[in-house]
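Residues per chain are reported as follows:
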Amino acid sequence: RLLIVWLLLLFCSFFFLMIRRPPRSTLFPYTTLFRSMGQRDSAPRPTKPPPTEYPTEISLEEAHKGAIRLVGLPGGRRLEVKIPAGVDNGSKIHFAPDGGSEGEFFLVVSIKEHPRFRRQGKDLYTEVETPLEDAVLGSDLTVTTLTGRLALTIPPETQNGRRFRLAGQGMP
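First, a word on what this report is: a plain description of the structure on this page. (Residues numbered from 1 in each chain as written. Predicted model: local features only at pLDDT ≥ 70, side-chain atom pairs only at ≥ 80, totals over all residues. Heavy atoms only, no water.)

Backbone geometry at Glu 157 places phi at a positive 60 degrees, although glycine is not the residue there. The topology assignment puts Glu 157 in the segment after strand E9 (149-154). Overall, Glu 157 belongs to the exposed group, its relative accessible area being 64%. (Helix = DSSP H or I, 4+ residues; strand = E, 2+ residues; numbered from the N terminus. Buried < 20%, exposed > 50% of the residue type's maximum accessible area, 1.4 Å probe, protein only.)

Here is the structure:
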């Protein structure tokens, strides 16, 4: 008896859900909008050509101030590209010709080694030799930077290998 009542309740609840359930089109009226999702279009889309890279080498001074390079594009066109100040080794500078339909172009920058300065990030390092008596007694020393010459005061009893920071004299 209990089994019959239970089956009857199950059947009635199932039947009730089927009757109350609205037709599929009113349940989700936007099915036609999403019917084609995930399907490919029959017309192929134009593919963008891969980006073209042009390597260029600049000096540390040009990297500090900024530079301009003339790049030869396919078809014989030439384009003037501005390299911003503070650019680093391996930096990619994006530029596009006027039409824009020829694809993307990048100027890949490499910086030549400098005979006097060594670059680490935005910092520039150089070694300056000074006589022993100037290091022990202290003195004023003229230091050459990328932007000119600066006076540096060496305090008395300066140890060998000491680093001095010149504010604002690194890379921009």
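Here the narrative resumes, following the displayed structure.
Inspection of the entire model under this criterion finds three aromatic pairs. Pairing Tyr 54 with Phe 95 gives two aromatic rings, centres 6.3 Å apart and planes at 40 degrees, and the pair type is tilted. Of this pair, Tyr 54 sits in strand E1 (residues 52-58) while Phe 95 sits in strand E4 (residues 92-95); the two residues are 41 residues apart in sequence, bridging distant segments of the chain. With respect to class, Tyr 54 is no different from Phe 95; both count as buried. Both rings, one in Phe 95 and one in Phe 105, keep their centres 5.8 Å apart while their planes meet at 20 degrees; by these two values the pair is stacked. In this pair, Phe 95 sits in strand E4 while Phe 105 sits in strand E5 (residues 105-111), placing the two residues ten residues apart along the sequence. Looking at Phe 95, the relative accessible area reads 7%, which means it is buried. The class for Phe 105 is buried, based on a relative accessible area of 3%. (Phe/Tyr/Trp six-rings, centres within 6.5 Å; stacked < 30°, edge-to-face > 60°.)

Turning our eyes to something else, we now look at the pairing of E4. A one-sided burial pattern is seen for E4, the buried positions being Ile 93 and Phe 95 and the unburied ones Lys 92 and His 94. Of the pairings in the sheet, the one linking E4 to E5 comprises four bridges and is antiparallel in character. Its bridge partner lying in E5, Lys 92 is registered against Val 108. (Pairing = 2+ DSSP bridges.)

This brings us to the pairing of E9. In this structure, strand E8 (residues 139-144) lies alongside E9, joined through six bridges in antiparallel fashion. If you follow Thr 144 over to E9, its bridge partner there is Arg 149.

Moving on: the layout of surface pockets. The calculated volume of the largest pocket comes to roughly 1,000 Å³. Around the largest pocket, the lining is made up of 34 residues, and of these Thr 126, Glu 127, Arg 162, Arg 163 and Phe 164 lie nearest the centre. Sorting the residues of the lining of the largest pocket by element identifies strand E7 (123-125), helix H5 (132-137), E8 and E9 as the ones contributing at least two each. When its residues are assigned to classes, the lining of the largest pocket shows 15 nonpolar, eleven polar and eight charged. (1 Å grid on protein atoms, 1.4 Å probe; cavity = no way out; pocket = protein on both sides within 12 Å on 5 of 7 lines; lining within 4 Å. Points joined across faces, edges and corners; volume = space filled by probe spheres on them. Nonpolar A, V, L, I, M, F, W, Y, C, P; charged D, E, K, R; others polar.)

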